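An overview of the molecular structure
These are the residues of each chain, in order.
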Amino acid sequence: MKSKNLYYLITICMTIVLLITACAPTATPTEAPPEPTTPPVEEPTEEPTPEPPPEEEPCLIIGVLHGGPINDAGYNQAMHESVMEIKANIPCVEIIAAENVPEEAGATSTMENMIQRGAGMIIATAFNHQYPALELSQKYPDVIFEHAGGWEMGANFANFFGEPPDTWYIMGVAAGRMTETNKLGFVAAFPLGWTLTFANAFHLGATSVNPDVETTVTFTFSWGDSAKEADATNSLINQGVDVITMHVDSPTTVISTAESRGAYSIGFQSLHAQEFAPEYWISGTGYTLGGTLTWLASTVIDGTWEPIFLRCGLFDGCMAMAPFGPRVPQEVQDQVLAVSAEVEAGTIVVFAGPIKDQDGNVVVAEGEVLTPDLMSSVDWFVEGIIGSPK
């Protein structure tokens, strides 16, 4: 009876379970998640290329012509470097440069071409450029002309230069102290008034510290004839000269020849000259006119330019003295620098009278001074110089 009841109970439970399962809601299948969408690919679009800004017009175009090569370690290089300082100081300036233009006809055509290219200022640096530039200044009254070392003046024509006589006197002091033979040599291009003035100042400086010294001057009659310069230098050394200086465009031949012969040299025109005399270099002077030319250019730009007979020297920054060479004793260096300080202070006046020429004639009377306006017309050598001033 018990087993029958148990069977009956199990049957009832199973029936209930089946009923519950049958009544449960049917599961609805869920949709698959959507595929991820890929963002639309944008076709690359080319950015428009910006147009370059228009080039600014130069504030001033300067035409510059040189009589010789601008790497001559002499006059032409000194002038070229001075001119290029204008561009460094005033970036909006444009420079048109021409080298190796020694003749007047070539100078005229070169300057004409520069003016046609827009030059509003011409800087003519060679001796032979003066009169071609002066003539063109009358043809082009709106162009400013500056000539290096000349004397002519006009409404739109002026000239500038360094003031070397003081520096020649100072270098003469160095030569007078360094010579052992009491014989100095001076190689010059032409017997021009300024060249004679330079030689005279050099000799006066030398005799101020060595009264027994004599200076021999020889001319090559060319601003740049290396063969003649070498011959002149060798000839002087053969005569016993042991210190040599020069007034030619490039001092390299004279200095190199002296160096090879064991003779001392004193440079002029460019401070680069010392590179050619590593052992027997005494000192030298060179033109450093960059600041002055920058100022002149600035007056053209702002419209305040006026024709000025401009001269400036060692103590104005227009010239500079090169370092002393390795064989120059300290006491000589000190004396040279002391004399330089006296010249700057006005204690020493180079061409203060009385001064006599080679023939014993008084050319600068006592109490008088040879002034710069007369130096270009000097036609005499002072006492103690050997050579003809003609």
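Residues numbered from 1 in each chain as written. Predicted model: local features only at pLDDT ≥ 70, side-chain atom pairs only at ≥ 80, totals over all residues. Heavy atoms only, no water.

With that settled, the discussion passes to the overall build of the protein. Counting its secondary structure elements, the protein contains eleven helices and 15 strands. When the 390 residues of the protein are sorted by exposure, 48% land in the buried category. At a minimum sequence separation of 6, the contacts of the protein that also span at least 24 residues come to 67%. Accessible surface, the protein: about 19,800 Å² in total, of which carbon and sulfur atoms supply 56%. (Helix = DSSP H or I, 4+ residues; strand = E, 2+ residues; numbered from the N terminus. Buried < 20%, exposed > 50% of the residue type's maximum accessible area, 1.4 Å probe, protein only. Contact = heavy atoms within 4.5 Å. Areas by Shrake-Rupley, 256 points an atom, 1.4 Å probe, with all protein chains shown as cover.)

Attention shifts here to helix 7 (residues 226–238). The first and last C-alpha atoms of helix 7 sit 18 Å apart over 13 residues, in line with the 18 Å expected at 1.5 Å per residue. Turning to helix 7, its buried residues are E229, A230, A232, T233, L236 and I237. For helix 7, the angular spread of the buried residues around the axis is 165 degrees, confining them to a single face. Residues of helix 7 that are exposed and point more than 90 degrees away from the buried face comprise D231 and N238. Where helix 7 is buried, its residues meet strand 6 (183–188), strand 7 (214–219), strand 8 (243–247) and helix 8 (252–260). Between a side-chain oxygen at the N-terminus of helix 7 and the backbone nitrogen of A227 the separation is 3.2 Å; the capping residue is D225. (Expected span 1.5 Å × (residues − 1). Arc of directions from axis to C-beta. Polar contact = N/O pair within 3.5 Å; in protein donor to acceptor, adjacent residues only side chain to side chain.)

The next thing to look at is the sheet that holds strand 7. Taking strand neighbours across the sheet as the criterion, the seven strands line up as 12-10-9-8-6-7-15 in an open arrangement whose pairing is mixed. Strands with a single pairing partner mark the edges of an open sheet, and in this sheet they are strand 12 (319–321) and strand 15 (385–386). Across six bridges, strand 6 lies against strand 7 in parallel orientation. Looking at strand 7, one finds that G185 is bridged to T216. Its contacts with the sheet place helix 7 against strand 6, strand 7 and strand 8, and it is angled at close to 165 degrees to strand 6. (Pairing = 2+ DSSP bridges. Axes fitted to C-alpha atoms, helices over the stretch in contact; angles between N-to-C directions.)

In this sheet, strand 2 (residues 93–98) lies alongside strand 1 (residues 60–65) in parallel orientation, the contact comprising six bridges. Bridge pairing in strand 2 places V64 opposite A97.

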